[in-house]
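# Coordinates in review
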Amino acid sequence: MRYKKTLCSLIPLWLLFLLLAGCGPGTPAAAGEIRLGEINALTGVQATQGVPVHEGIQYAVDEVNAKGGLKGRKIVLLTRDDESKPERALAAAEELTTKENVIALIGGYVDTLVGPVSEVAERQKVPYLATASLDKRLVQRGYKFFFRIANLDGFVNAAQGAIVDVFRANNVAILYSATPGATQTSEKLRDTLTQRGVKVSTFEKFTPGMSDFVPLLDKARDSGAQVIVSAGFTGDNVLMVRQMKEQKINIGAFLSLYGASLRAPIYQLGPAADFTSNTAIWSSELNLTTPGTEEESRAFAVGFKAKFTRDGDQLNQ
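### Concerning the packing of aromatic side chains
Counting across every chain of the model gives four aromatic pairs. Taking 5.0 Å as the distance between ring centres and 85° as the angle between the ring planes, the aromatic pair formed by Phe206 and Phe213 counts as edge-to-face. In this pair, the class of Phe206 matches that of Phe213, namely buried. Directly above the ring of Phe146 sits Arg141, whose terminal nitrogen or CZ lies 5.4 Å from the centroid.

Encoded structure:
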C-alpha cells in the first residue's frame, strides 16, 4: 500500500534551464551554445539515486535540443561524477565553473554533496539548481545563486498523514540517516506526530550504508511500535526490509521516506516488499502527479520509455 502525496510541483526541467540560462554572469565558450554543468553521483554509495537524476536531466536536455534548443542555441551538457564524495563534488564544481565556463550548474541528491557545490557556485556567481536538497540551513545563508526543488515539509506532511489517517497508529519508531536533511526531516516528523498524540517510542540515528540494522529493528519491535519510519536512502531501506524478513521482525507497517519508490529495489525485494509503503512525488503507474500537470506527466512517461526502453521513476523527474 502506498500513501500518495505530491511533495513538490512537477516542473519541466527545460523551463528551469531557460530561467538559469537567462541569469548566468558569463557567456558560453562557443557561440550558439549554452554550456550547462551537471554534477551527480554516478558511482559510489549514492549512485542508486544519482543515476536516475542524471537520466532525467539528460532526457530534458535532449528534448530541448530536438526542438531546436533554447532560442536556437544548443544546450551542451557537461556531466561530472562526484563519486558520492564531497571532495569530488567540490573539485567538479571548481572545474566546471572556472575552466569549462558553464552558465549554470544542476544536480545533486544529498546535502553533503550539494553543500560544497553551492559554495563554489556562490563564489563564482554561477546559478546552481540542486535537484534534491532538504537541509534547511542551505537556504538560510542568503545565497543569491543557490536554488532547489525539494523541501522537507512535503515528506513530513505525507508521512504523518499516512501514519495518522491511513495506518491509524499511536506508536511509531523513526530510524534516520545521519545526514542533515534526513535528521531535520525526522526531527520535524517526530514533533509533528507528538503534537497529534502519536508516541515516538524509538528515535535512532544510523550511519548511511551500515550493514546490520537488526539491533535497531529489534529495539523498534520491543518498544511496541506499530510503524517503522525509515529516513534512509535506497540501500538502507532495502537492507532493513530484508533483515526484518530474515529475522521475522513483525511490525504493522514499514514506511520509507526516500528512495523506496524506485522500481529496481522493490523488484529486488520480491515478496519481502509486501506491505511496505513509501512517499512519492510522481508515478506513471499510479497516475500520481501535481494537479494541472497531467498532460506533461503523460508526455514524459511516454518519451522517457521510448528513450530508455523502461518506465521512468520519480527521480527521473
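### A few points about the side chain of Asn237
Summarising the element assignment, Asn237 is placed in helix 8 (residues 234–246). Exposure remark for Asn237: the relative accessible area of 2% places this residue in the buried category.

### A closer look at the packing of helix 5 (residues 152–166) against helix 6 (residues 180–195)
Relative orientation of the contacting elements helix 5 and helix 6 amounts to 40°, with a least axis distance of 9 Å. Taken together, the axes of helix 5 and helix 6 lie oblique to each other. Relative to helix 6, helix 5 is oriented so that their crossing is right-handed. Contacts between helix 5 and helix 6 involve Leu152, Asp153, Phe155, Val156, Ala159, Gln160, Ile163 and Val164 on the former and, on the latter, Gln184, Thr185, Lys188, Leu189, Thr192 and Leu193. When its residues are assigned to classes, the contact of helix 5 with helix 6 shows eight nonpolar, four polar and two charged.

### Section: helix 4 (residues 111–124)
Spanning 14 residues, helix 4 covers 20 Å between terminal C-alpha atoms, matching the ideal 20 Å at 1.5 Å per step. The element helix 4 is largely enclosed, with a buried count of 10 among its 14 residues. Looking at helix 4, one finds that the buried residues are Asp111, Leu113, Val114, Gly115, Pro116, Val117, Ser118, Val120, Ala121 and Glu122. Structurally, helix 4 contributes buried residues whose contacts are with strand 1 (33–40), helix 3 (86–98), strand 3 (104–107), strand 4 (128–130), strand 5 (146–148) and helix 6. One or two residues past the end of helix 4 sits Lys125, with phi positive at roughly 55°.

### Concerning the confidence of the model for the protein
In low-pLDDT regions, the fine details of the predicted coordinates are not to be read closely. On average, residues of the protein score 83 in pLDDT, and 78% of them reach the 70 mark or higher. Confidence over residues 1–12 falls short of pLDDT 50; this stretch has 38 contacts with residues more than four positions distant or in other chains. Across residues 21–29 the pLDDT falls below 50, and counting only partners more than four positions away or on other chains, this stretch makes 17 contacts in the model.

### Structural notes on the nonpolar core
If you look at the biggest cluster of nonpolar residues, it comprises 44 residues, and the most contacted ones within it are Val172, Ile174, Leu193, Val229 and Tyr258. Per-element accounting of this core gives the leading share, seven residues, to helix 5. Beyond its immediate stretch of four places on either side in the chain, Ile174 contacts Ser186, Leu189, Arg190, Leu193, Val200, Thr202, Phe203, Glu204 and Val229.

### Examining the pattern of salt bridges
Taken as a whole and judged by the stated rule, the model has 16 salt bridges. For Arg80, the salt bridge goes to Glu100, with nearest N and O atoms at 3.7 Å. Of this pair, Arg80 sits in strand 2 (residues 74–81) while Glu100 sits in the loop between helix 3 and strand 3, and the two are 20 residues apart along the sequence. Between Lys188 and Asp153 there is a salt bridge whose closest N-O contact spans 2.5 Å. Placement of the pair is Lys188 in helix 6 and Asp153 in helix 5, with a sequence separation of 35 residues. Classification of Asp153 by relative accessible area gives partly exposed; the value is 32%. Here the residues in one salt-bridge network are Glu33, Arg35, Arg80, Glu95 and Glu100, joined through shared partners.

Calculation notes
- Each residue is numbered by its place in its chain's sequence as written, counting from 1.
- Whole-chain, interface and lining totals are the exception, using all residues; otherwise, since this is a predicted model, local features are given only for residues with pLDDT of at least 70 and side-chain atom pairs are given and counted only at 80 or more.
- Calculation of side-chain values draws on the structure's entire complement of heavy atoms; hydrogens and water are dropped beforehand.
- The rule is short: rings of Phe, Tyr and Trp, with Trp giving its six-membered ring, pair when the centres are within 6.5 Å, and they are stacked under 30 degrees, edge-to-face over 60, tilted in between.
- Relative accessibility thresholds used throughout: buried, under 20% of the residue-type maximum; exposed, over 50%; partly exposed, between the two (1.4 Å probe, protein chains only).
- Either the NZ atom of lysine or the CZ atom of arginine qualifies as a charge over a ring when it sits within 6 Å of the ring centre and within 35 degrees of the ring normal.
- Each helix corresponds to a stretch of at least 4 residues labelled H or I by DSSP, and each strand to a stretch of at least 2 residues labelled E; elements are numbered beginning at the N terminus.
- Angles here are taken between N-to-C directions and fall from 0 to 180 degrees, while the axes themselves are lines fitted to C-alpha atoms, restricted in helices to the stretch in contact.
- With respect to orientation, any angle under 35 degrees is reported as roughly parallel, any angle over 145 as roughly antiparallel, any angle of 65 to 115 as roughly perpendicular, and every other angle as oblique.
- Should the near helix be turned anticlockwise from the far one by less than a right angle, the crossing is termed left-handed; should it be turned clockwise, right-handed.
- Residues count as neighbours in contact if any of their non-hydrogen atoms are within 4.5 Å of one another.
- Note that Gly is not counted as nonpolar here; it falls among the polar residues with everything else outside the nonpolar set of Ala, Val, Leu, Ile, Met, Phe, Trp, Tyr, Cys and Pro and the charged set of Asp, Glu, Lys and Arg.
- How far a helix is expected to stretch is found by multiplying one less than its residue total by 1.5 Å.
- Confidence per residue, as judged by the predictor, is encoded in pLDDT with a range of 0 to 100.
- We define a nonpolar core as any set of buried Ala, Val, Leu, Ile, Met, Phe, Trp, Tyr and Cys residues linked to one another through side-chain atoms lying within 4.5 Å.
- Criterion for a salt bridge: a side-chain nitrogen of Lys or Arg within 4 Å of a carboxyl oxygen of Asp or Glu.

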